[in-house]
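Tertiary structure, described
Given next are the chains, with one letter for each unit.
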Amino acid sequence: MTVVALAGNPNGGKTTLFNRLTGAHQTVGNWPGVTVESKSGYLRGENSVIIQDLPGTYSLSPYTSEELITRKFLIEAEPDLVVDVVDATNLERNLYLTLQLMETGLPLIVALNMIDVVKNSGRRININKLAYLLGIPVIGISALKNTNIAKLKGKIAENVDPQTTPYAVPEYDERLESALAMIAKDLTGVVSPEDLRWYAIKFFERDEEVWENTVLDATRREDIENIISTAEKLFADSSDSIIVNARYEYIARVAGMCVIEKDDFTMSLS
Ligand code: BGO
């Protein structure tokens, strides 16, 4: 049995897509211990693939039940594939979660939803370029109009193959990358090798949940603290802001290369 997790920002069309992918046969309950709805169902016509809907989130921080459920599921249950439902009309904001999903090191596909709205807006997104820049498959879809859903299903079936190699993770500023590499070294043998980068980022962000719940000796904790303080001096910023800025810089670079605004046409013609 292979498990495909459906992640995305609230209002991005995740429920509409989940219904398209699974049809009428759905199992609905609550996530353990919380009143957040959990839905799952078989991929239509594929009884060996389960689609698990995850709560809508903007981030994988530890502040809301939705974020905690999502990150716990991704890191602990390790689904075979994550489908990130990205609202194409809010590309930059949605890519913030995409980057964090990539940071988990799990295989990822972007379902770029609401392309029907984008088509009518004058904004142009070069989807092939977006896929190339992110290093992951991107399929433009309209969950509402049923556009490219068969193509997405095909991509899902193709990518749940366990032989699929993990996707490249986004690389940030090289000073940040070297701090993360040093933290990852301290965490080697403590967390599983596939999760090293995710934990390194979470330790760097001073994520309370991860600092509290990871079994790590005092010497390594102190070493990680020193790495973070050095980076904070170097960047003259707090560690969580360093990560947030790194993600936004990455997104701005990617969007700058694959999005053409309506005004750009007007300006070039005038
Ligand atoms: C309402 N294209 C367009 N145009 N709309 C879409 C698409 C798409 O590809 N996909 C979803 N929507 P959810 P989350 C609504 O409910 O799936 C629409 O939170 C309305 N409702 O129809 O719920 C979808 O699960 C009244 O819109 O998202 C829904 O991720 C007026 O996006 C909304 C207008 O989808 C959110 C829209 C009473």
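Computed from a predicted structure; not experimentally measured. (Residues numbered from 1 in each chain as written. Predicted model: local features only at pLDDT ≥ 70, side-chain atom pairs only at ≥ 80, totals over all residues.)

Focus: the site of the ligand
Gly13, Lys14, Thr15, Thr16 and Leu144 are the nearest of the 16 residues found near the ligand. Of all the secondary-structure elements, those providing two or more residues to the shell around the ligand are helix H1 (14–22) and helix H4 (115–121). A per-element tally of the shell around the ligand places H1 first, with three residues. Broken down by class, the residue content of the shell around the ligand amounts to five nonpolar, nine polar and two charged. (Near = placed C-beta within 6 Å. Helix = DSSP H or I, 4+ residues; strand = E, 2+ residues; numbered from the N terminus. Nonpolar A, V, L, I, M, F, W, Y, C, P; charged D, E, K, R; others polar.)

Some points on helix H6 (residues 149–159)
Within the sequence span of H6, burial applies to Leu152, Ile156 and Asn159. Burial along H6 is one-sided: seen end-on, the buried residues are contained in an arc of 80 degrees. Opposite the packed face of H6, turned more than 90 degrees from it, sit the exposed residues Ala150, Gly154 and Glu158. Its buried side turned inward, H6 meets strand E1 (2–8), strand E3 (37–43), strand E5 (81–87), strand E6 (108–113) and strand E8 (138–140). (Buried ≥ 20, exposed ≤ 12 C-beta atoms within 10 Å, placed from the backbone. Arc of directions from axis to C-beta. Contact = placed C-beta atoms within 7 Å.)

What about the nonpolar core?
Counting residues in hydrophobic clusters, the biggest one holds 68 residues, and the most contacted among them are Ala111 and Ile183. When residues of this core are assigned to domains, at least three fall in each of domain 1 (2–159) and domain 2 (174–251). If near-sequence neighbours (up to four positions away) are discounted, Ala111 is found in contact with Leu17, Val83, Asp84, Val85, Val86, Ile139, Ile141 and Leu152. (Core = buried A, V, L, I, M, F, W, Y, C linked by C-beta atoms within 7 Å. Domains from an automatic or database assignment.)

Some thoughts on the packing of helix H7 (residues 174–187) against helix H10 (residues 218–235)
Interaxial distance between H7 and H10 falls to 10 Å at its minimum, and their mutual angle equals 175 degrees. By the criterion of interaxial angle, the relationship of H7 to H10 is roughly antiparallel. Two secondary-structure elements touch here, H7 through Arg175, Leu176, Ala179, Met182, Ile183 and Asp186 and H10 through Arg220, Asp223, Ile224, Ile227, Ala231 and Leu234. For the contact of H7 with H10, the class distribution of residues is eight nonpolar, no polar and four charged. (Axes fitted to C-alpha atoms, helices over the stretch in contact; angles between N-to-C directions. Parallel < 35°, antiparallel > 145°, perpendicular 65-115°, else oblique.)

Some details on the domain arrangement of the protein
When the parts of a complex come together, some accessible area is lost, and that lost area is often used as the size of the interface. You can read the domains of the protein as domain 1 (2–159) and domain 2 (174–251). Taken over C-alpha atoms, the centre of domain 1 sits 27 Å from the centre of domain 2. Among the elements that take part in the side of domain 1 that touches domain 2, helix H3 (residues 91–103) stands out by supplying five residues, more than any other. Class assignment for the residues of the side of domain 1 that touches domain 2 results in five nonpolar, two polar and two charged.

Regarding the sheet that holds E1
The strand order across the open sheet built from seven strands is E2-E3-E4-E1-E5-E6-E8, with neighbouring strands paired in mixed fashion. Two strands lie at the open edges of the sheet, namely strand E2 (27–30) and E8, each paired on one side alone. For this sheet, the mean inter-axis angle between neighbouring strands, taken without regard to orientation, is 25 degrees. (Pairing = 2+ DSSP bridges.)

Things to note about the pairing of E6
Burial of E6 is extensive: six of the six residues sit out of reach of the surface. Neither face of E6 is exposed, since Leu108, Val110 and Leu112 on one face and Ile109, Ala111 and Asn113 on the opposite face are all buried. Direction of pairing for E5 relative to E6: parallel, over a ladder of six bridges. Residue pairing for E6: Val85 is matched across the bridge by Ala111.

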